[in-house]
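Here are the chains, one letter per residue:
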Amino acid sequence: MHLYTYDSAPNPRRLGLFLAYKGIELPTTQIDMRENKHRDAEFLAINPLGTLPALVTDEGVLLTEVVAICDYLESLNPQKPLMGRTALERALVISWDHRIFVSIFEAFAEMLRNRSPAFENRALPGPLDVEQIPELETRGRKRFRGSLELFDAELGDKPFLCGDVITFADLDLLVGVETARWVKESIPEGCGNLEAWLERSRAALA
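Residues numbered from 1 in each chain as written. Predicted model: local features only at pLDDT ≥ 70, side-chain atom pairs only at ≥ 80, totals over all residues. Heavy atoms only, no water.

Engineer: Explain the side chain of Glu-74 here, please?
Structural biologist: As for its position among the elements, Glu-74 is in helix H3 (residues 66-76). A distance of 2.9 Å separates a polar side-chain atom of Glu-74 from the backbone nitrogen of Leu-82. If we skip the residues at most four places from it in the chain, Glu-74 touches Phe-18, Lys-22, Lys-80, Pro-81, Leu-82, Met-83 and Gly-84. (Helix = DSSP H or I, 4+ residues; strand = E, 2+ residues; numbered from the N terminus. Polar contact = N/O pair within 3.5 Å; in protein donor to acceptor, adjacent residues only side chain to side chain. Contact = heavy atoms within 4.5 Å.)

As structure tokens, then:
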């Protein structure tokens, strides 16, 4: 098994927090995204999508989506579960995680990839050249803020998104909130439930 990643990028950080919390160590190669090493032929021969992280299993199977990698690794390392302790909890984790990815990570990508010169003709991740649409930055900010306000209301006084213990959904939302500083966004004013949740989540991962 071998992991290809770039620790400081958002998607790799999602996996990195998962691995650290569970105490899982994997043979790892860092692929420097700032130097566009993920677009080099050598890495594309491993992962044609050119995305990170990417896990090659012992069987030689390539996994490229963070939630799939985490679900697979948890099945092999069930201690300190993050994907749910029961079938219903697992369904809640996956449901929340999908919502977070669509409403927070995609909104972040709209803000970042449609404004930064570093992403010219790369407005979407992957091997295709896709032009930037500057108007999407504004839409991304609206999606990000509105989604967090909705999450704040749904969270209420629950300790964590799926109940009384931290899960992978909390890790993902934490990364989404913290990474938003790259585009000068944060938890909207008045979202006290989320502010308290953020401190609890950071403490649980410390």
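Alright, that's what it looks like, and here's the rest.
Engineer: Can you help me understand the sheet that holds strand S3 (residues 54-56) in this one?
Structural biologist: Picture the strands of a sheet paired through backbone hydrogen bonds; they go either parallel or antiparallel. Reading across the sheet, the 4 strands line up as S2-S1-S3-S4 and stay open at both edges, with mixed pairing between neighbours. A strand with exactly one partner marks an edge of an open sheet, and here the two such strands are strand S2 (28-30) and strand S4 (62-63). Bridging between strand S1 (residues 2-5) and S3 involves 3 bridges; their strand directions are antiparallel. Opposite Leu-3, over in S3, you have Leu-55 as the bridge partner. (Pairing = 2+ DSSP bridges.)

Engineer: Is there a simple way to think about the pattern of salt bridges in this case?
Structural biologist: Where charged atoms from two side chains of opposite charge approach closely, those side chains can pair. One pass over the full model with this rule turns up 19 salt bridges. Note that Asp-40 is salt-bridged to Lys-37, the shortest N-O span being 3.9 Å. The class for Asp-40 is partly exposed, based on a relative accessible area of 32%. Taking the shortest distance from any N to any O, the salt bridge between Arg-99 and Glu-154 comes out at 2.7 Å. Here the residue Arg-99 occupies a position in helix H4 (residues 87-113), and Glu-154 occupies one in helix H5 (residues 135-155), the gap between them amounting to 55 residues. (Salt bridge = Lys/Arg side-chain N within 4 Å of Asp/Glu carboxyl O. Buried < 20%, exposed > 50% of the residue type's maximum accessible area, 1.4 Å probe, protein only.)

Engineer: In this structure, what is going on with the side chain of Glu-178? I would like to understand it.
Structural biologist: With respect to the helices and strands, the residue Glu-178 is situated in helix H6 (residues 168-179). For Glu-178, the side chain forms a polar contact with the side chain of Arg-13, separated by 2.9 Å. Here Glu-178 is in contact with Arg-13 and Arg-202, once residues within four sequence places are set aside.

Engineer: What should I look at first to understand the nonpolar core in this one?
Structural biologist: Proteins that are soluble and globular tend to have nonpolar side chains buried together. By size, the foremost hydrophobic cluster in this structure holds 47 residues, and its most contacted members are Phe-18 and Leu-173. Broken down by secondary-structure element, the contributors of at least two residues to this core are helix H1 (10-22), H3, H4, H5, H6 and helix H7 (192-205). If you tally residues by element for this core, the top one is H4, at 9 residues. Discounting chain neighbours no more than four positions away, the residues touching Leu-173 are Ile-100, Ile-104, Leu-148, Phe-151, Leu-161, Leu-194 and Trp-197. Ranked by size, the runner-up nonpolar core spans 7 residues in total, among them Tyr-4, Tyr-6, Ala-9 and Ile-31. (Core = buried A, V, L, I, M, F, W, Y, C linked by side-chain atoms within 4.5 Å.)

Engineer: Hey, could you run me through the pairing of S1 in this one?
Structural biologist: Side chains on a regular strand alternate between the two faces of the sheet. Where S1 lies against S2, 3 bridges are found, and the strand directions are parallel. If you follow Tyr-4 over to S2, its bridge partner there is Thr-29. The handedness of the S1 to S2 crossover, carried by H1, is right-handed. (Right-handed = clockwise from strand over helix to strand, strands pointing away.)

Engineer: I tried to follow the packing of H5 against H7 on my own but got confused; where do I start?
Structural biologist: Two measures define how a pair of helices packs: the angle their axes make with one another and the distance between the axes. Orientation of H5 relative to H7, taken along the N-to-C sense of each, is 80 degrees, at an axis distance of 8 Å. Considering the angle they form, H5 stands roughly perpendicular to H7. Judged by residue contacts, Leu-148, Phe-151, Asp-152 and Leu-155 of H5 engage Gly-192, Asn-193, Leu-194 and Trp-197 from H7. Classifying every residue of the contact of H5 with H7 gives 5 nonpolar, 2 polar and 1 charged. (Axes fitted to C-alpha atoms, helices over the stretch in contact; angles between N-to-C directions. Parallel < 35°, antiparallel > 145°, perpendicular 65-115°, else oblique. Nonpolar A, V, L, I, M, F, W, Y, C, P; charged D, E, K, R; others polar.)

Engineer: I would appreciate a short explanation of H1 in the present structure.
Structural biologist: For an α-helix, the turn length of 3.6 residues means that residues three or four places apart are oriented alike. Between the first and last C-alpha of H1 there are 19 Å, a value that for 13 residues agrees with the 18 Å anticipated at 1.5 Å per step. Those residues of H1 that sit buried are Pro-10, Pro-12, Arg-14, Leu-15, Leu-17, Phe-18, Leu-19 and Lys-22. Positive phi appears at Gly-23, one or two residues downstream of H1, with a value of about 70 degrees. (Expected span 1.5 Å × (residues − 1).)

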